[in-house]
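Working through the structure, step by step
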Amino acid sequence: TSEDSGMYECRASNDPDRNHLSKSPKVKWIRTWPLEYDVLTSVELFTNAGPDIKTQVTGVSGKLILTCNMSAPYPAIEGHEWMHGDKVLQTDTESSAFTAYTIEGKMEEHSGVYECVYKANPVIKGQVNISVPPQVMAYKKSEHGNEGDTGVLTCKNPSFPPVSTWIWYKNGQEHIVNGSGRYIIKSSGNKTELRILKLDIEEDTGDYHCNASNSYGFGGATVNLRIRSRLAALWPFLGIVAEVLVLVTIIFIYEKRRKPDEVLDDDDGGSAPLKSNATNHKDKNVRQRNAN
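A quick note: this is a predicted structure, and the numbers were derived from the prediction, not measured.

Glancing now at the overall build of the protein chain. A count of helices and strands for the protein chain gives two helices and 18 strands. Each of the 292 residues in the protein chain was classed as buried or not, and the buried ones make up 25%. The long-range share in the protein chain, meaning contacts at least 24 apart out of those at least 6 apart in sequence, stands at 58%. Within the structure as shown, the protein chain displays about 20,700 Å² of accessible surface, and the carbon and sulfur contribution to it stands at 53%.

Structure below.
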């Protein structure tokens, strides 16, 4: 900045006593050039911070209007660009020192760092920050774990600026301290993770709250943890085994009861008529014709 303008000096010496704590250097520093053993060089620094850019964010009727206004004097402008990260949001070819970009929605939905780029020689950039309190979100609102395993609960903050402090609570009251008991907390910027070692179905089931804070306020989210018993995985298998046993028993009883009847039916229907019976029927028919 302009405050850094001024005279800077860099000094070099091969005096053996130059760094001694009790002895004074043999050679005195003087502003002259050249010296046999000592060198003093002066550099004058001039800064050119460039034109000043005033930025502003205004909310009007569900819209956010971002503006940049560059003060004179400034070089010739061939156009503008609005960027969010590496993404170009808007571009034009106007030569005005004023440029604006409109966003549909609320500040909480579009927080972050935006840049207004002036196409000049050299390129001049201004920065517009949309800053909000933490908009904390739980990775999963409900987590499930097995008894004896490690439970992992995660919260994140997609808004700007980043979170400065993360705090976890159990059931909204008990403050969880990192490294205490079976709890391990890992927080980095906009993400925090709570690990619970050796889950206990009685002690660890419940609601866990992750609270975040930054320079603009506070935010939080809740994660519900449910823990299954170690035998929970066996219940479906045991249910299938029970169904198979019942089905086999029913089939066995049914086959046991219907088998004698089937044998009789086969003997009656499948056996050929006796010869004597056939003869009797023939004689009876003959007698009936003679009688007629």
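Having seen the structure, we can now continue with the description.
So, on to the sheet that holds strand S5 (residues 80-84). Strand order in the open sheet formed by four strands is S6-S5-S8-S9, and the pairing between neighbours is antiparallel. At either end of the open sheet lies a strand with only one pairing partner, and these are strand S6 (87-92) and strand S9 (124-130). Neighbouring strand axes in the sheet, compared pairwise and without regard to direction, differ in orientation by 20° on average. In this sheet, strand S8 (residues 112-118) lies alongside S5 in antiparallel orientation, the contact comprising five bridges. Bridge pairing in S8 links His80 to Tyr118.

As enumerated under the stated definition, the model contains one aromatic pair in all. For the ring pair Trp82 and Tyr101, a centre distance of 6.1 Å and an interplane angle of 25° mean the geometry is stacked. Of this pair, Trp82 sits in strand S5 while Tyr101 sits in strand S7 (residues 98-104), and the two are 19 residues apart along the sequence. Judged by relative accessible area, Trp82 falls into the buried class, the value being 0%.

Time to look at a nonpolar patch on the surface. On the surface, Trp235, Phe237, Leu238, Val241 and Leu245 cluster together into a nonpolar patch covering about 540 Å² of accessible area. Mapped onto the elements of the fold, Phe237 is located in helix H1 (residues 234-270).

Right, let's talk about the state of the cysteines for a bit. Taken as a whole and assessed by the stated rule, the structure comprises two disulfides. With its sulfur 2.0 Å from that of its partner, Cys68 forms a disulfide with Cys116. The sign of the S-S torsion, about -90°, decides the handedness of the disulfide formed by Cys68 and Cys116: left-handed. Taken together, the residues Cys68 in strand S4 (residues 63-70) and Cys116 in strand S8 connect sequence positions 48 residues apart. Each member of the pair, Cys68 together with Cys116, is buried. Paired through a disulfide, Cys155 and Cys210 show a sulfur-sulfur distance of 1.9 Å. For the disulfide bridge between Cys155 and Cys210, the dihedral angle about the S-S bond is near -80°, and by the sign convention the bridge is left-handed. Of this pair, Cys155 sits in strand S12 (residues 151-156) while Cys210 sits in strand S17 (residues 206-214), placing them 55 residues apart in sequence. With its bonded cysteines labelled in order along the sequence, the protein chain shows the pairing 1-2, 3-4.

The next thing to look at is the confidence of the model for the protein chain. Of the residues in the protein chain, 76% have a pLDDT of 70 or more, and the chain-wide mean is 81. Across residues 32-39, confidence stays below pLDDT 50; counting only partners more than four residues off in sequence or on other chains, it has 14 contacts.

Moving on to the nonpolar core. Nonpolar side chains tend toward joint burial in soluble globular proteins. In this structure, Cys155, Trp168, Leu194 and Tyr208 are the most contacted members of the largest nonpolar core, which totals 20 residues. Those elements giving two or more residues to this core turn out to be S12, strand S13 (165-170), strand S15 (183-188), strand S16 (191-196), S17 and strand S18 (217-228). Once residues lying within four places of it in the same chain are set aside, the contact partners of Tyr208 are Leu153, Trp168, Tyr169, Lys170, Ile176, Tyr183, Leu194, Ile196, Ala221, Thr222, Val223 and Leu225. Counting 16 residues, the second-largest nonpolar core is a separate cluster that includes Leu64, Trp82, Ile124 and Val128.

Turning our eyes to something else, we now look at the sheet that holds strand S3 (residues 53-60). Within the open sheet, the three strands sit side by side as S3-S4-S7. Their pairing is antiparallel. Two strands close off the open sheet at either side, each with one partner strand: S3 and S7. Each neighbouring strand pair of the sheet contributes to a mean axis angle of 15°, computed without reference to strand direction. Two strands pair when backbone bridges link them, and S4 and S7 are joined in this way by seven bridges, in the antiparallel orientation. Note on S7: the bridge partner recorded for Asn69 is Phe98.

The next point concerns the pattern of salt bridges. Counted according to the given criterion, the structure contains five salt bridges. The partner of Arg182 in a salt bridge is Glu203, with the nearest N and O atoms 3.4 Å apart. With Arg182 in the loop between strand S14 (174-176) and S15 and Glu203 in the loop between S16 and S17, this pair connects stretches of sequence that are 21 residues apart. For Arg182, a relative accessible area of 24% translates into the label partly exposed.

With that out of the way, let us pick up the pairing of S3. The side chains of a regular strand alternate between both faces of the sheet. Bridge count between S3 and S4: eight bridges; the pairing is antiparallel. Opposite Gln56, over in S4, you have Thr67 as the bridge partner. From the end of S3 to the start of S4, which pair antiparallel, there are two residues, and Ser61 there has a positive phi angle of about 50°.

The rules we used
Residues numbered from 1 in each chain as written. Predicted model: local features only at pLDDT ≥ 70, side-chain atom pairs only at ≥ 80, totals over all residues. Heavy atoms only, no water. Helix = DSSP H or I, 4+ residues; strand = E, 2+ residues; numbered from the N terminus. Buried < 20%, exposed > 50% of the residue type's maximum accessible area, 1.4 Å probe, protein only. Contact = heavy atoms within 4.5 Å. Areas by Shrake-Rupley, 256 points an atom, 1.4 Å probe, with all protein chains shown as cover. Pairing = 2+ DSSP bridges. Axes fitted to C-alpha atoms, helices over the stretch in contact; angles between N-to-C directions. Phe/Tyr/Trp six-rings, centres within 6.5 Å; stacked < 30°, edge-to-face > 60°. Patch = residues over 30% accessible without salt bridge, like charges linked within 9 Å, V, L, I, M, F, W, Y side chains within 5 Å. Salt bridge = Lys/Arg side-chain N within 4 Å of Asp/Glu carboxyl O. Disulfide = S-S within 2.5 Å. pLDDT = per-residue confidence, 0-100. Core = buried A, V, L, I, M, F, W, Y, C linked by side-chain atoms within 4.5 Å.

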